[in-house]
Amino acid sequence: MIFFSEPVLEDFGPGARGFDQFSVFTALAESLSELPPATLSVKPHPREQHERWQSLVNELRTRPQFHCLDMELSYASADKLLAAADGVFGITSMALVEAHLLGVPLLSLQPGRTGIFNPVIDCLGEIVLNGGDIAERVKAFVGDLGTRAMIHPRF
């Protein structure tokens, strides 16, 4: 599984959108840690500092609850990651649109969102708007992996 990041904090500042890429990734990792062993790659946006991502991944790896979740930064191209992905997570990244067009299941995590920032994302698949629903929705999403996502007729 892959998480496509985007520079929410860098572009909009803390709190402007109700979420940021690091808190969303952490909530995702916490949700996945409750499930069978898995690998979660994070693809930083080209304008993000990879060192900040590596620091977060390293810090999460030290937590006991993450012993069955293998987390890594990915430097592969987005097209290669999408071609190999079982499922894609993100916020409002255009990589979610690309995943949808490829029939790869996706889940957009926008807990506490303060507005609609990429309206196309709203018609592609599931969006989690309530932080308290992330674990349940991630569990359901992972349980459904392996089924081909339906491409919205609009596309």
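Because the structure is predicted, anything quoted here is derived from the model rather than measured.

Visitor: Please explain the overall build of the protein chain as it appears in this structure.
Guide: Secondary structure assignment for the protein chain yields 6 helices and 6 strands. Relative to the 2.2 N^0.38 estimate, which gives 15 Å for 155 residues, the radius of gyration of the protein chain is 14 Å and therefore close to what a compact globule would have. Looking at the protein chain residue by residue over its 155 residues, the buried ones come to 47%. Restricting the contact set of the protein chain to residue pairs at least 6 apart, pairs at least 24 apart contribute 64%. Accessible surface, the protein chain: about 7600 Å² in total, of which carbon and sulfur atoms supply 54%. Where the 12 positive side-chain charges of the protein chain centre and where its 19 negative ones centre are 3 Å apart.

Visitor: How should the pairing of strand β3 (residues 69-73) be read in this particular structure?
Guide: Each regular strand shows side chains that alternate between the opposite faces of the sheet. Residues Leu-69, Met-71 and Leu-73 of β3 are buried on one face, while the alternating residues Asp-70 and Glu-72, pointing to the opposite face, are not. Sheet topology places strand β2 (residues 38-43) next to β3; 5 bridges connect them, and they run parallel. Its bridge partner lying in β3, Thr-39 is registered against Asp-70. Of the crossover connections in this fold, the one passing from β2 over helix α3 (residues 50-61) to the parallel β3 is right-handed.

Visitor: Just checking my understanding: could you explain the pattern of salt bridges for this structure?
Guide: Close approach of charged atoms allows side chains of opposite charge to pair. Applying the stated criterion to the full structure yields 5 salt bridges. Across the salt bridge formed by Arg-63 and Glu-59, the nearest N and O atoms sit 3.1 Å from each other. For Arg-63, a relative accessible area of 26% translates into the label partly exposed. Here Glu-126 makes a salt bridge to Arg-137, at a shortest N to O gap of 2.7 Å. Note that Glu-126 is positioned in strand β6 (residues 126-128) and Arg-137 in helix α6 (residues 134-144), a separation of 11 residues in sequence. Assessed through its relative accessible area of 23%, Arg-137 is described here as partly exposed. Several salt bridges share partner residues, and in doing so they unite Glu-30, Glu-59 and Arg-63 into one network.

Cut-off values and rules
- Residues numbered from 1 in each chain as written.
- Predicted model: local features only at pLDDT ≥ 70, side-chain atom pairs only at ≥ 80, totals over all residues.
- Heavy atoms only, no water.
- Helix = DSSP H or I, 4+ residues; strand = E, 2+ residues; numbered from the N terminus.
- Rg over C-alpha atoms; globule rule 2.2 N^0.38 Å.
- Buried < 20%, exposed > 50% of the residue type's maximum accessible area, 1.4 Å probe, protein only.
- Contact = heavy atoms within 4.5 Å.
- Areas by Shrake-Rupley, 256 points an atom, 1.4 Å probe, with all protein chains shown as cover.
- Lys, Arg positive; Asp, Glu negative; His and termini not counted.
- Charge placed at Lys NZ, Arg CZ, Asp CG, Glu CD.
- Pairing = 2+ DSSP bridges.
- Right-handed = clockwise from strand over helix to strand, strands pointing away.
- Salt bridge = Lys/Arg side-chain N within 4 Å of Asp/Glu carboxyl O.

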